[in-house]
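Structure assessment
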Amino acid sequence: MLHTGRRRTKLNRAYNGPARQGPVRHISPSSLSLQRVHEQNRDNMQKKDPAKAPEPAPGVVAKGKPRLLLMGQRRSGKSSISSVVFHKMPPQETLFLESTARIQKDSMHSFMDFQVWDFPGQVDFMDPSFDLDAIFGEIGALIWVIDAQDDYLEAINRLNSTILNLQPSYPNVNIEVFIHKVDGLSDDYKLDIQRDVMQRIQDELSDHGVENAPIHFHLTSIYNHSIFEAFSKVIQKLIPHLPTLEALLNDLCRACRFEKAYLFDVLSKIYIATDSSPVDMPSYEICSDFIDVIVDVSEIYGWERPKEYIEYLEGPPWNKGLEDQVACRDAESDIVLTDGKRPILLREVNKYLALVAIMCEGSYEKMPGVTLNVEGTVSGLKEVFEITKRR
């Protein structure tokens, strides 16, 4: 990065070229999207009351917590999705959830603070009694859940009506359509439903003059990892520094010849970044299950040590603090899959994130170099989050 606007050499950072007019900075698509959302909210508030309009967006990203809105028909599975992904509820227990009667608001504190709002299916939020700015003012994405095992024509009509009502004031809202409950359907039938839903939505919007609306479609189920895969795609659009994270993982995979690398949010098992190679569901499921194993083991053995015991460990003959007695202060683990003989490496980045990578067969012979590269990547990831946190 060019902090001073001047080109410098790698060795002595001396001046090595003509001065630039200012610092050079890459602006990611998600940064621009968040900036556009902030600006459109500011314009809407200025039209109503210029005195209450918020300040312009600081830098390229507006401050605040992005908001994920879960909407759709009754019994489409919105509360089940929120409970499984963000509250670690076993999918089988969602059968006993009661129907949502009012808006449920959850604040998620992780690598990035965001909110999840679960809307009851019977609520008409386009009613004049609702304040649209309060609902859609800081929206990150609108997630519309469609039950694939039920008649979804009314759900599509409500979604189209919602998009058309939001277009004049909120044209940059990301629309994510979850075609849900597809676990009991054949692969061909899933694709047929997805094509039908996409065609109906796009035709209706085209008839009303809305072209190229930001709508994305996902086939999901709470009984497999597809719902976590879909939420990963949604969350990644809210991360302004996503290209930097992906570049670090690409360099790591290239240097260590990893098959795949993920940066996971440990609590939700959503991956916030991955390298550029295609994502295959089996590798994602293995890495996700590996995190569950490490978390379970940590809960068993990661008990709070008494103060007297810690003083004993730090006393003679070592006379050092515990942090200075270990080679790696963060959690680190390796396992080898018996089927393909491929090691899987997990390295804790901070209390929220973990780097999980699938290595090639025979990679144990190069573990010293792999460990060094992983340590450098983790340091780079921490620096990225530290820099973006200070903005």
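This text goes with the structure placed above it.
Along each chain, the written sequence defines residue order, and numbers are assigned to residues from 1. A pLDDT threshold of at least 70 governs which residues receive local features in this predicted model, and a stricter bar of 80 or more applies before side-chain atom pairs are shown or counted, although totals over entire chains, interfaces and linings include all residues. Excluded from the side-chain calculation are hydrogens and water; included are all heavy atoms of the structure.

1. Side note on the side chain of Lys269
Condition: Numbering of helices and strands runs from the N terminus; a helix is a DSSP stretch of H or I covering at least four residues, while a strand is a stretch of E covering at least two. A 3.5 Å cut-off defines polar contacts: any pair of N or O atoms within that distance qualifies, except that in protein one atom must be a possible hydrogen donor and the other a possible acceptor, and neighbouring residues in sequence count only when both atoms are side-chain atoms. Should any heavy atoms of two residues lie within 4.5 Å, those residues are considered in contact.
One can find Lys269 in the loop between strand S7 (260–265) and strand S8 (270–274). Among the polar contacts listed, one links the side chain of Lys269 to the side chain of Asp292, at a separation of 2.9 Å. Apart from the residues lying within four places of it in its own chain, the contact partners of Lys269 are Lys88, Phe228, Phe264, Tyr284, Ser288 and Asp292.

2. Digging into the pairing of strand S1 (residues 67–72)
Selection criterion: Each residue's exposure class comes from its accessible area (1.4 Å probe, protein chains only) as a fraction of the maximum for that residue type: buried when under 20%, exposed when over 50%, partly exposed otherwise. Each pair of strands is called paired provided DSSP finds at least two bridges between the two strands.
For S1, a buried count of six out of six residues is recorded, marking the element as mostly surrounded by other parts of the structure. Pairing between S1 and strand S3 (residues 114–118): four bridges, direction parallel. Bridged to Arg67 within S3 is Gln115. Bridge count for S1 against strand S4 (residues 139–147) is six bridges, and the pairing is parallel. Counterpart to Leu68 in the pairing with S4 is Ala141.

3. Quick word on the pairing of S3
For S3, the tally of buried residues reaches five of five residues, placing the bulk of the element in the interior. Examined bridge by bridge, strand S2 (residues 104–108) and S3 share five bridges and lie antiparallel to one another. For Ser107, the partnering residue across the bridge sits in S3 and is Gln115. If you look at the hairpin formed by S2 and S3, you'll find five residues sitting between the two strands.

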